[in-house]
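Per-entry structural report
These are the residues of each chain, in order.
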Amino acid sequence: MVRGLDHVVVAVRDLEAAGQVWADLGFTVTPENRHSWGTANRLVQLDGFFVELLSVADRDLIFEASEEVFSFGAFNRDFLSRHEGASMLVLDSSDPAKDRDDFSKAGLKLYEPFSFERTANLADGGKVQVAFDLTFVSDALAPEIGYFTCRNRFPENFWKEAFQDHANGASTIKTVYLVAGDPSDHHEFLGGFTGQREMRATSLGLELKTARGTISVLTPSAYASLVGIDAAAQIAGSLPQIVALEIGCKGLDERKIVPASQLNGLTLILSPVVS
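Residues numbered from 1 in each chain as written. Predicted model: local features only at pLDDT ≥ 70, side-chain atom pairs only at ≥ 80, totals over all residues. Heavy atoms only, no water.

1. Describing the overall build of the chain
Check the secondary structure of the chain and you find seven helices and 16 strands. Since a compact globule built from 275 residues should have a radius of gyration of about 19 Å, the 17 Å found for the chain is in line with a globular shape. The dimensions of the chain, computed from C-alpha atoms along their principal axes, are 50 × 45 × 35 Å. Split into buried and exposed, the 275 residues of the chain put 55% on the buried side. Taking the intrachain contacts of the chain between residues at least 6 apart in sequence as the baseline, contacts between residues at least 24 apart amount to 65%. For the chain, the computed accessible surface area is about 11,800 Å², with 48% contributed by carbon and sulfur atoms. In the chain, which carries 24 positive and 37 negative side-chain charges, the distance between the mean positions of the two groups comes to 2 Å. (Helix = DSSP H or I, 4+ residues; strand = E, 2+ residues; numbered from the N terminus. Rg over C-alpha atoms; globule rule 2.2 N^0.38 Å. Buried < 20%, exposed > 50% of the residue type's maximum accessible area, 1.4 Å probe, protein only. Contact = heavy atoms within 4.5 Å. Areas by Shrake-Rupley, 256 points an atom, 1.4 Å probe, with all protein chains shown as cover. Lys, Arg positive; Asp, Glu negative; His and termini not counted. Charge placed at Lys NZ, Arg CZ, Asp CG, Glu CD.)

Structure (structure tokens):
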């Protein structure tokens, strides 16, 4: 089973300011929501994929990780101590038990299952309950990237048309870009994580087609060719890391690049959607 892109976590220090930046780019951003373990988020929903803008709201509520237990709050707190940017790559899930079995067979490092519920704030001031089952794994060769699958137990409460109506025409996730010194180092992990064993490998990097969107792992020089030398030079921290999202926009005439320096450490590529 090939899993699809579900969302990317973008760790930011000022959640309100980050939300305003995305809103200024023509995105509809959800109201703030809180997690019981000390983080807060605002979301940008597309068609089956979302961007999770995430900040630390209460450090005292964050629990520490262990060898068996992954701490979402601690991981993002520690990520933010280094820099802002995309901290986690998340795939969708229809069966967490099967995810665990698949990941175990692939030899991936697994952590204890984690499930939670929270209240979601709607645009009209209403509230609904949402719940998720998360399966965390890690890649020893990519310690600054968090990975997990996410089963959404109440999708009818989570996905809202009002949140998916964007002034800039944004509609779909095309590609999540990673940069690595040697992209081939990550093909085994990403193949096991996505369930996609067929991938395109070139001297420029790896490309995996998921059930929703593409994961592209590029060399630094290949990434510079994609976004330009100035934008590529804005990568902060060690490699590998998630560096950019490409989002398809209806009604857009030509590709637009918003560099990481203007978007909390994540480069955004807005590209036309061909009807």
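Let's pick the thread back up.
2. Side note on the environment of A170
Within the fold, A170 resides in strand β10 (residues 170–179). On the accessibility criterion, A170 (4% relative accessible area) is buried. With 126 residues separating them along the chain, A170 and V44 place their C-alpha atoms 9.9 Å apart. In this structure, A170 is in contact with F27, L46, Q164, I247, G248 and C249, ignoring residues within four places of it in sequence.

3. Considerations on helix α2 (residues 72–82)
Of all 11 residues in α2, eight are buried, a share of seventy percent or more. F72, G73, A74, F75, N76, R77, F79 and L80 are the residues of α2 that are buried. Tucked into the core, α2 has its buried residues touching β1 (5–11), β3 (39–45), β4 (50–56), β5 (85–92), β8 (127–138) and β9 (146–152).

4. Side note on the pattern of salt bridges
This model, assessed by the stated rule, comprises 14 salt bridges. Close ionic contact of R77 with D78 constitutes a salt bridge, the shortest N to O distance being 2.9 Å. With relative accessibility at 16%, the residue R77 sits in the buried group. Measuring nitrogen to oxygen at the nearest pair gives 3.7 Å for the salt bridge that ties E188 to R197. By relative accessible area, E188 is classed as partly exposed at 49%. Among the charged side chains, a salt-bridge network with shared partners connects R3, K98, D99 and D102. (Salt bridge = Lys/Arg side-chain N within 4 Å of Asp/Glu carboxyl O.)

5. So, helix α3 (residues 96–105)
Because each turn of an α-helix spans 3.6 residues, side chains separated by three or four positions in sequence point in the same direction. P96, D99 and F103 are the residues of α3 that are buried. Taken down its axis, α3 places every buried residue within 50° of arc, on the same side. Pointing more than 90 degrees away from the buried face of α3 are the exposed residues A97 and K105. Those residues of α3 that are buried are in contact with β6 (109–110), β8, β9 and α5 (187–194). A side-chain oxygen of the first residue of α3 lies 3.1 Å from the backbone nitrogen of A97; this N-cap is D95. The first or second residue beyond α3 is G107, which carries a positive phi of 80°. (Arc of directions from axis to C-beta. Polar contact = N/O pair within 3.5 Å; in protein donor to acceptor, adjacent residues only side chain to side chain.)

6. Some thoughts on the environment of T30
Mapped onto the elements of the fold, T30 is located in the loop between α1 (15–24) and β2 (33–34). Residues T30 and F163, 133 residues apart in the sequence, show an inter-C-alpha distance of 6.6 Å. With residues up to four places along the chain from it excluded, the contact list for T30 reads R42, L43 and F163. Among the polar contacts listed, one links the side chain of T30 to the backbone nitrogen of L43, at a separation of 2.8 Å.

7. Some remarks on the packing of aromatic side chains
Throughout the structure, instances matching the rule amount to 20 aromatic pairs. Here W37 and F72 contribute two aromatic rings whose centre-to-centre distance is 6.0 Å and whose plane-to-plane angle is 70°, an arrangement assigned as edge-to-face. Linking W37 in the loop between β2 and β3 with F72 in helix α2, this pair joins segments that are 35 residues apart in sequence. Sitting over the face of the ring of Y111, K109 holds its NZ or CZ atom 5.1 Å from the ring centroid. (Phe/Tyr/Trp six-rings, centres within 6.5 Å; stacked < 30°, edge-to-face > 60°. Lys NZ or Arg CZ within 6 Å of the ring centre and 35° of its normal.)

8. Some details on the side chain of N264
Of note, N264 is situated in the loop between β15 (256–258) and β16 (267–272). Looking at N264, the relative accessible area reads 17%, which means it is buried.

9. Some points on empty space enclosed by the protein
Tallying each qualifying case throughout the model produces four cavities of 30 Å³ or more. Roughly 150 Å³ of volume is contained in the largest cavity. Lining the largest cavity are 15 residues, with H7, H35, E52, F116 and F132 positioned closest to its centre. At the level of elements, β3, β4, β7 (114–121), β8 and β9 are the ones that each hand at least two residues to the lining of the largest cavity. Of the residues assigned to the lining of the largest cavity, the class counts are 10 nonpolar, three polar and two charged. What the second largest cavity holds in volume is close to 80 Å³. (1 Å grid on protein atoms, 1.4 Å probe; cavity = no way out; pocket = protein on both sides within 12 Å on 5 of 7 lines; lining within 4 Å. Points joined across faces, edges and corners; volume = space filled by probe spheres on them. Nonpolar A, V, L, I, M, F, W, Y, C, P; charged D, E, K, R; others polar.)

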